[in-house]
Amino acid sequence: MEKFSNGLTLFFSLLVEAIPFLLIGVAFSSLLLFFVNERTLIKLLPKSPLLGALAGSLMGVFFPVCECGNVPVARRLIVQGAPTSVSVGFLLAAPTINPVVFWATWVAFRGQPEIVFLRVGFTLLIAVTIAWVFSHQRDMRPLLQPIVARQMPKPRSAEPASPLLRSGTFLMQSSGTTLKMDDPVTQEMIASGPAKPVSVKLQLVLDNMVQEMKELGAVLIMGSAIAAFVQVAVPRDWILALGQNFITSILAMMLLAAVVSICSTVDSFFALSFAATFTTGAQLAFLVFGPMIDLKNIGLLLTVFKPRAIFYIFVLAAQLCFILTLFINFYVS
Amino acid sequence: MSAKRPRGPKTPKQRDRAPWYRPELLDALVLAAWSLAFFRYWLTGKLFLLLHPDYMWLANGAGIVLLGLAVFKLTQGKRRPSYSGGGHTTLLPPQLSSLILLTIAVVALTYTPQAFASDTAIQRGVSDSLTLTRSQPQRFVRQTASEERTVIDWIRTLNVYPEPDAYTGQAVKLSGFVIHPQEWPEEYLMVSRFVLTCCAADAYPVGLPVQLAVSRQAYAPDSWLEIEGKMVTATINGQRQLTIEPTKLETIPEPRNPYEY
């Protein structure tokens, strides 16, 4: 009974600490959805693969979304013709490299500031590397889900000879041109175009906030329950045996990160509950790997990429993350 | 809340559900319940058991924002603009999410958090030194009068200069809860505190030994003591340790804020 009560106290302590950050996260992601136009942003991005990868990885600073919000944004980036390196870099880095997550990690790991900076540094390194690797794939379409590939801007040669022989829904425009209705850009315009007054947009923002809050809150609750359960119910000897070994501790935390699927805005509080028992490298592995790939995320990624591409990203991210954090365990901490 | 329920003619889509089912009302209920839970912890002071005081404003703010969102959902009624873009993909069905959130909010509203006690301290490995995985002190406060140091102040001081003899004869006045470490002789108990850096999830216990003239059974584990006395060095279980020799031992009620920072 004592243990149960402790577990509940832990559970609620995680929740009351994390929910404010979750609220900030969903507020930002909802505002961006309705007030930022990615197309203007894409035009400003560098075209070189390496610089593009870096720019994409750092774009999270302007898009403070966690990994649940960034897949839709990355998808919009791809569809609107952003270079591969930019969208992949964004996909991997944005959930970690953004002000809200940085602040939350700072709050949680105030006592060990090196974790905060290593988290950002490693994420940037891994994201830029993978994005750079992917940029060597000239044409992304074989790696994308057909529905996304079809929405991408096509090369000129693929354009049908006659503008009449195209499938889709069209609106006749005044000058004899047509507007393709099922084009994602048009969809976007219809959904959130400048035609809507700000008051309506704000209502949509609040509505979206509530929706995301509900969805992510439920995942947060399950994650916190697991963290609290592990802390009170698993014998400390077991955890220490696993958590103090340089290699198993990292592998265990990476596996945990992938399974728990906790939102990156609040995952540092989850990791914090393992701060006393796990190696620094293992905590970093959790904080770096979790936002890139986890079970919840894979479902979302499948809406954009083919399984093959996700597998590549997963293997690359896992290996890089493992090697970097192992280095920390052996040589730094 | 249901008294304020805005009523109006139903759209055909709503008709095939139960007549009382309105998703926006369920949302409002979930948000209001969570807001209430935050306010409850705030107003009863139980937030002290969960969070570091530096971050309480965040939790209090969340309570206010959640209340605002609940009011928004409640008053939104039928003039809800529709939006179906953005590619938002959900992992859980929305009703299941709402159900989980509502259930946990109800638990939060009925359950009163408990401060961690001696069992947890022993399980988490109470010690008189901060191990390397603990947060490292970022600043070293100039020596305060020894009787003003709290348990964690003493531990931090010891961490910097561990020789117990250096503190012999210094006056002590501090409070904490009682632990009976199994391996210690009967006339020693440990007076302990949990230390937070962020929230209860990272609470770790620290403690100092107290040398008693009588058996420690006089002071039950988990009871709170205020101790005045002076520092001595005692050899407990084969280890030389800085120990309190009390001149005054008083049982006190559990403080409103049992943690140190």
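What you see is a predicted model; the values in this text were computed from it and never measured.

*Asks:* Honestly, the overall build of chain B in this entry has me stumped. Any pointers?
*Replies:* Of the regular secondary structure elements, chain B holds six helices and five strands. Moving toward the C terminus, one meets the helices and strands of chain B in the order α-α-α-α-α-α-β-β-β-β-β. By the burial criterion, 47% of the 261 residues in chain B qualify as buried. Taking as baseline every contact in chain B between residues at least 6 positions apart, the subset at least 24 positions apart corresponds to 71%. In the form shown here, chain B has an accessible surface area of approximately 13,000 Å², with 57% of it arising from carbon and sulfur atoms.

*Asks:* What is the right way to read the interface of chain B and chain A from this model?
*Replies:* Counting residues at the interface gives 63 residues for chain B and 58 residues for chain A. Roughly 5,300 Å² of surface becomes buried between chain B and chain A when both sides are summed, with 67% attributable to carbon and sulfur atoms. Taken together, the connections running from chain B to chain A amount to three salt bridges. There are nine residue pairs in polar contact (both at pLDDT 80 or more) connecting chain B and chain A. If you list the elements that add at least two residues to the side of chain B that touches chain A, you get helix H2 (23-44), helix H3 (56-76), helix H4 (94-110) and helix H5 (118-123) of chain B. It is H3 of chain B that contributes the most residues to the side of chain B that touches chain A, 10 residues altogether.

*Asks:* Help me out: how do you make sense of the domain arrangement of chain B in this one?
*Replies:* It is common to give the size of an interface as the accessible area that goes away when the parts come together. Residue and element names in this part refer to chain B. Here chain B is partitioned into domain 1 (2-110) and domain 2 (118-252). Contact with domain 1, which involves five residues of that partner, is made by five residues of domain 2. Together domain 1 and domain 2 conceal approximately 350 Å² of surface at their shared face, both sides included; 60% is due to carbon and sulfur atoms. There are zero salt bridges connecting domain 1 and domain 2. Between domain 1 and domain 2 we count one residue pair in polar contact (both at pLDDT 80 or more) in total. For the side of domain 1 that touches domain 2, the per-class residue count stands at four nonpolar, one polar and no charged.

*Asks:* I'm lost on the UniProt feature "transmembrane region" (unreviewed entry) in chain B in this one. Help?
*Replies:* All names here are of chain B. As recorded in UniProt, the sites labelled "transmembrane region" (unreviewed entry) are residues 25-43, 55-75 and 96-116. Annotated as residues 55-75, this span is 95% helix and 0% strand, and its ends, taken at the C-alpha atoms, are 31 Å apart. As a span, residues 96-116 carries 71% helix and 0% strand, and end to end its C-alpha atoms are 32 Å apart.

*Asks:* Teacher, can you tell me more about the nonpolar core here?
*Replies:* One recurring pattern in soluble globular proteins: nonpolar side chains tend to sit buried together. One finds Phe12, Leu15, Phe109, Leu144, Phe269 and Phe305 of chain A together with Trp34 of chain B to be the most contacted residues of the largest nonpolar core, which totals 151 residues. Top element by residues in this core is helix H1 (residues 2-35) of chain A. It accounts for 14 residues. The residues that make up this core include at least three from each of domain 1 (2-110) and domain 2 (118-252) of chain B. Sequence-distant contacts of Trp34 of chain B, that is, excluding residues within four places in its chain, are made with Leu15, Ile19 and Ile221 of chain A together with Leu66, Leu101, Ile104 and Ala105 of chain B. Core analysis: the second largest hydrophobic core is formed by 23 residues, Ile152, Ile155, Ile227 and Ile244 of chain B among them.

*Asks:* Got a minute to help me understand unusual backbone geometry in this structure?
*Replies:* The bulk of non-glycine residues show a negative phi, and the bulk of peptide bonds are trans. All names here are of chain B. Despite not being glycine, Asp222 shows a phi value in the positive range, around 75°. Within the fold, Asp222 resides in the loop between strand S3 (204-211) and strand S4 (224-236). One non-glycine residue with positive phi stands out, namely Asn237, at about 55°. Relative to the helices and strands, Asn237 is located in the loop between S4 and strand S5 (239-252).

*Asks:* Is there a simple way to explain the UniProt feature "transmembrane region" (unreviewed entry) in chain A in this structure?
*Replies:* Residues and elements named next belong to chain A. Per the UniProt entry, the sites bearing "transmembrane region" (unreviewed entry) are residues 12-36, 48-66, 86-109, 115-134, 216-234, 240-262, 269-289 and 309-332 in this numbering. Summarising residues 269-289: 67% helix, 0% strand, and an end-to-end C-alpha distance of 15 Å. With 100% helix and 0% strand, the stretch residues 309-332 has end C-alpha atoms that lie 33 Å from each other.

*Asks:* What should I look at first to understand the packing of aromatic side chains in this one?
*Replies:* Each aromatic ring pair is summarised here by two numbers: the centre-to-centre distance and the angle between the ring planes. All told, the structure shown has 20 aromatic pairs over all chains when counted by the stated rule. With a centroid separation of 6.2 Å and 25° between ring planes, the pair formed by Phe12 of chain A and Tyr111 of chain B is classed as stacked. Of the two residues, Phe12 of chain A is situated in helix H1 and Tyr111 of chain B in the loop between H4 and H5; the pairing between them involves two chains. In this pair, the class of Phe12 of chain A matches that of Tyr111 of chain B, namely buried. Among the aromatic residues, ring-to-ring pairing joins Phe11 and Phe12 of chain A together with Tyr41 and Tyr111 of chain B into one connected group. Across the ring face of Trp154 of chain B, the terminal group of Arg149 of chain B is positioned such that the distance to the ring centre comes to 4.5 Å.

*Asks:* Looking at this structure, how should I read the confidence of the model for chain B?
*Replies:* In regions of low pLDDT, the predicted coordinates are not meant to be interpreted in detail. Residues and elements named next belong to chain B. Across chain B, the average pLDDT comes to 80, with 78% of residues at or above 70. In the model, residues 1-15 has pLDDT below 50 throughout and makes 14 contacts with residues more than four positions away in sequence or in other chains. Within the model, the stretch residues 129-138 combines pLDDT values under 50 with 21 contacts to residues more than four positions away or in other chains. Complex prediction metrics read pTM 0.77 and ipTM 0.82.

*Asks:* For this particular structure, what's the right way to read the pairing of strand S2 (residues 188-195) of chain B?
*Replies:* One face of the sheet, then the other: side chains in a regular strand alternate in exactly this way. Residues and elements named next belong to chain B. With eight of its eight residues buried, S2 lies for the most part within the structure. Side chains Tyr188, Met190, Ser192 and Phe194 project from S2 onto one buried face, and the interleaved Leu189, Val191, Arg193 and Val195 project onto a second face that is buried too. In this sheet, S2 lies alongside strand S1 (residues 171-179) in antiparallel orientation, the contact comprising three bridges. Opposite Val178, over in S2, you have Val191 as the bridge partner. Bridge count for S2 against S3 is eight bridges, and the pairing is antiparallel. Bridging across to S3, Phe194 finds its partner in Pro205.

*Asks:* Hey, could you run me through the packing of H1 of chain A against helix H6 (residues 99-108) of chain A in this one?
*Replies:* Each packed pair of helices is defined by two parameters, the angle between the axes and the distance between the axes. Residues and elements named next belong to chain A. With their axes 10 Å apart at the nearest point, H1 and H6 run at an angle of 170° to one another. Taken together, the axis directions place H1 and H6 in an arrangement best described as roughly antiparallel. Residues Glu17, Phe21, Ile24, Gly25 and Phe28 of H1 pack against Val100, Trp103, Ala104 and Val107 of H6. A breakdown of the residues in the contact of H1 with H6 according to their chemical character gives seven nonpolar, one polar and one charged.

*Asks:* Could you clarify how one ought to interpret a nonpolar patch on the surface in this entry?
*Replies:* Residues and elements named next belong to chain A. On the surface, Phe246, Ile247, Leu251, Phe327, Phe330, Tyr331 and Val332 cluster together into a nonpolar patch covering about 720 Å² of accessible area. At the level of elements, helix H12 (246-260) and helix H16 (307-332) are the ones that each hand at least two residues to the nonpolar patch. As for its placement among the helices and strands, Phe330 is situated in helix H16. Accessibility expressed as a relative area gives 46% for Phe330, which makes it partly exposed.

*Asks:* Please explain the pairing of S5 of chain B as it appears in this structure.
*Replies:* All names here are of chain B. By the bridge criterion, 13 bridges tie S4 to S5 in an arrangement that is antiparallel. The residue bridging Met231 from the neighbouring strand is Ile244, located in S5. Once S4 ends, the chain turns through two residues before running back antiparallel as S5, passing Asn237 with a positive phi of about 55°.

Calculation criteria
- Residues numbered from 1 in each chain as written.
- Chains lettered and ligands numbered in written order.
- Predicted model: local features only at pLDDT ≥ 70, side-chain atom pairs only at ≥ 80, totals over all residues.
- Heavy atoms only, no water.
- Helix = DSSP H or I, 4+ residues; strand = E, 2+ residues; numbered from the N terminus.
- Buried < 20%, exposed > 50% of the residue type's maximum accessible area, 1.4 Å probe, protein only.
- Contact = heavy atoms within 4.5 Å.
- Areas by Shrake-Rupley, 256 points an atom, 1.4 Å probe, with all protein chains shown as cover.
- Buried area = accessible area lost by both parts, 1.4 Å probe.
- Salt bridge = Lys/Arg side-chain N within 4 Å of Asp/Glu carboxyl O.
- Polar contact = N/O pair within 3.5 Å; in protein donor to acceptor, adjacent residues only side chain to side chain.
- Domains from an automatic or database assignment.
- Nonpolar A, V, L, I, M, F, W, Y, C, P; charged D, E, K, R; others polar.
- UniProt positions renumbered as here; feature names shortened; annotations may be inferred.
- Core = buried A, V, L, I, M, F, W, Y, C linked by side-chain atoms within 4.5 Å.
- Phe/Tyr/Trp six-rings, centres within 6.5 Å; stacked < 30°, edge-to-face > 60°.
- Lys NZ or Arg CZ within 6 Å of the ring centre and 35° of its normal.
- pLDDT = per-residue confidence, 0-100.
- Pairing = 2+ DSSP bridges.
- Axes fitted to C-alpha atoms, helices over the stretch in contact; angles between N-to-C directions.
- Parallel < 35°, antiparallel > 145°, perpendicular 65-115°, else oblique.
- Patch = residues over 30% accessible without salt bridge, like charges linked within 9 Å, V, L, I, M, F, W, Y side chains within 5 Å.

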